[in-house]
Each structure stands twice: as C-alpha cells, then as structure tokens.
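Coordinates in review
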Amino acid sequence: MSEPLLTVADSLKDRARAALGSRNLILVGLMGAGKSSVGRIVASQLGIPFIDSDHEIERVSRMTIAELFAAYGEDEFRALETRVIKRLLKSGPRVVSTGGGAFVNERTRRHIKRGGLSVWLKADLDVLWERVNKRDTRPLLKTENPKQTLENLMNARYPIYAQADLTVLSRDVRKEIMADEVLTAVIEAQKESPAS
Ligand SMILES: Nc1ncnc2c1ncn2[C@@H]1O[C@H](COP(=O)(O)OP(=O)(O)O)[C@@H](O)[C@H]1O
Ligand SMILES: O=C(O)C1=C[C@@H](OP(=O)(O)O)[C@@H](O)[C@H](O)C1
Ligand SMILES: [Mg+2]
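It should be emphasised that the depicted structure is a prediction, and the values quoted were computed from it without experimental measurement.

**Section: the environment of K90**
- Mapping K90 onto the fold places it in the loop between α4 (65–88) and β3 (95–97).
- For the pair K90 and H111, spaced 21 residues apart in sequence, the C-alpha separation works out to 9.3 Å.

Structure representation (structure tokens):
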C-alpha cells in the first residue's frame, strides 16, 4: 500500500518547524502590522506556544498598556518591556509577538537578537492606518494627528526594524496567508544559512 501524500500545507508547517528547531520566532514591526494576530496563527501552525509581550506585561502588572503609560510614562514601560521580553526568550521554541517599540529599544533589541529568529512584518502607512484607527488603545497615537504620528514613527523606526533577520511584507490579504508567508520565510532563511 502506498503512503498517504503529505498535503502542501502540512509540509509547509513541518518544514518550518524543522527549520526553526529550538529557536524562538520573534515578530517585530510597527503598530497594526499584524504581529499579535499573525503571530498567534504562526504558533498554532508550528504547534508551539504563543506569547504576546504586551499581554504578558498587562498580566504581570495587572494594568493595561494605556494605564501603564499614563501612570508611569513610556520610559518605565520600556524598562518593564525589556525585562519581560528577556524572560520570555529564555526558553524556546516559542513565537513571541512584541509591541511596536520593543525592537527599537537598544537593550530589548539585544535580547531579541540573541533570543531567536526575528521577523519584521513590514507594511505601508495606509495599511497600518486602516487597521490602527479602528481602536484607541494605543497611547502613542493619542495625538492631534495620529496618522502623521504613525508616519513619523515609520520614518524613525523602519531603519531599525530592517535589522531583523527576516522581512515579510504585511499586506491586505488574509491573516492565514500572512502566517504562511512567515513560515515560508523561516524555511528560506534556513536554506540560506543551514548552520543557524
Ligand atoms: N492581514 C490582515 N488582514 C486584515 N486585518 C488584519 C491583518 N493583520 C492584522 N489585522 C488587523 O489589524 C489590527 C492590528 O493587528 P495586530 O495583530 O493587533 O497588530 P500589531 O500587534 O502588529 O499591532 C487587528 O484588528 C487585526 O485583526
Ligand atoms: O509602537 C509602540 O511603541 C507600541 C506598540 C504597541 O504594541 P503593538 O505594536 O502590538 O500595537 C504597545 O506595545 C504600545 O502601545 C507601544
Ligand atoms: Mg500587538
């Protein structure tokens, strides 16, 4: 009797899982890029735990991100974010979705670079804006002109996100398709650098 053929989708998951090994996969990029929602799908495809650093920060502090910014300011939030991400990356494999400012912070970036394979979900301004303007939970966008603020953040941060190991273009396609593209990028990276 012949062996059942693996479906294309199964082989994508399996190949990505093998390529990742015991490393963590860390999603970085601007607000609205899809780190939290795509990261969750990627983890479930890979069959490994998913953690969103913002959710973990909210869990340990018992405050929302907005409350933390309001009560302690951005610098304190960044210090807490560094500690939480350092701890989350201590063991793997996991998919860790970070908040948009995490990779921009030098200390946090160092932990991410050491802690696994980083993926930048890169999107253009209109895609990001369409997504973030539907919710008012992001303290950095509570400005007179939030779209301009987002554009300023893009200009300041994109050269830094470009230091991530991999880049995947985040566009208006289903989140499942974005997740498959992340898996494909993990496989491709392994082909280019099999020792890693
Ligand atoms: N590929 C996508 N297509 C449509 N909507 C998306 C896509 N990716 C994310 N979203 C939506 O955009 C918003 C921001 O996504 P989220 O995952 O929270 O981004 P991030 O964590 O990078 O800020 C959410 O409402 C999410 O459902
Ligand atoms: O870009 C940033 O500095 C931030 C992004 C947010 O996460 P998302 O990128 O998941 O929205 C959250 O960590 C906080 O509001 C600060
Ligand atoms: Mg998020």
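Don't stop here, the text continues.
**Points about the pattern of salt bridges**
- Overall, the coordinates contain 9 salt bridges when judged by the stated rule.
- Across the pair R59 and E56 runs a salt bridge, and its minimum N-O distance is 2.9 Å. Note that R59 and E56 are positioned in helix α3 (residues 53–61) at a spacing of 3 residues, about one turn of the helix.
- The buried category is assigned to E56, whose relative accessible area is 10%.
- Residue E56 is joined to R87 by a salt bridge in which the shortest nitrogen-to-oxygen separation is 2.9 Å. Residue E56 is located in helix α3, and its partner R87 is located in helix α4; the two are separated by 31 residues in the primary sequence.
- Each of the salt bridges in this network shares a partner with another, and the network as a whole consists of E56, R59 and R87.

**Things to note about the site of ligand 1**
- Looking at ligand 1, there are 14 residues lining it, with G32, K35, S37, V173 and K175 nearest.
- Separating an oxygen atom of ligand 1 from a backbone N or O atom of A33 is a distance of 3.3 Å.
- When ligand 1 is considered free in solution it has 560 Å² of accessible area, and contact with the protein chains removes 76% of it.
- More than half of the atoms of ligand 1 fall within 2 Å of the grid points belonging to the largest pocket.
- Of all elements in the fold, only α2 (35–46) and α8 (175–192) reach the threshold of two or more residues within the shell around ligand 1.
- Per element, the largest residue contribution to the shell around ligand 1 is 3 residues, and it comes from α2.

**Re the UniProt feature "binding site: substrate" (unreviewed entry) in the protein chain**
- In this numbering, the UniProt entry assigns the feature "binding site: substrate" (unreviewed entry) to D54, R78, G100 and R157. Checked against the lining of the largest pocket, the annotated residues reduce to D54, R78, G100 and R157.
- Apart from residues no more than four positions distant in its own chain, D54 is found in contact with I65, F77, E81 and G99.
- Structurally, the position occupied by R157 is in helix α7 (residues 146–161).
- What makes R157 buried here is its relative accessible area of 6%.

Conventions we followed
Residues numbered from 1 in each chain as written. Chains lettered and ligands numbered in written order. Predicted model: local features only at pLDDT ≥ 70, side-chain atom pairs only at ≥ 80, totals over all residues. Heavy atoms only, no water. Helix = DSSP H or I, 4+ residues; strand = E, 2+ residues; numbered from the N terminus. Salt bridge = Lys/Arg side-chain N within 4 Å of Asp/Glu carboxyl O. Buried < 20%, exposed > 50% of the residue type's maximum accessible area, 1.4 Å probe, protein only. Near = heavy atom within 4 Å. Polar contact = N/O pair within 3.5 Å; in protein donor to acceptor, adjacent residues only side chain to side chain. Areas by Shrake-Rupley, 256 points an atom, 1.4 Å probe, with all protein chains shown as cover. 1 Å grid on protein atoms, 1.4 Å probe; cavity = no way out; pocket = protein on both sides within 12 Å on 5 of 7 lines; lining within 4 Å. Sits in = over half its atoms within 2 Å of the grid points. UniProt positions renumbered as here; feature names shortened; annotations may be inferred. Contact = heavy atoms within 4.5 Å.

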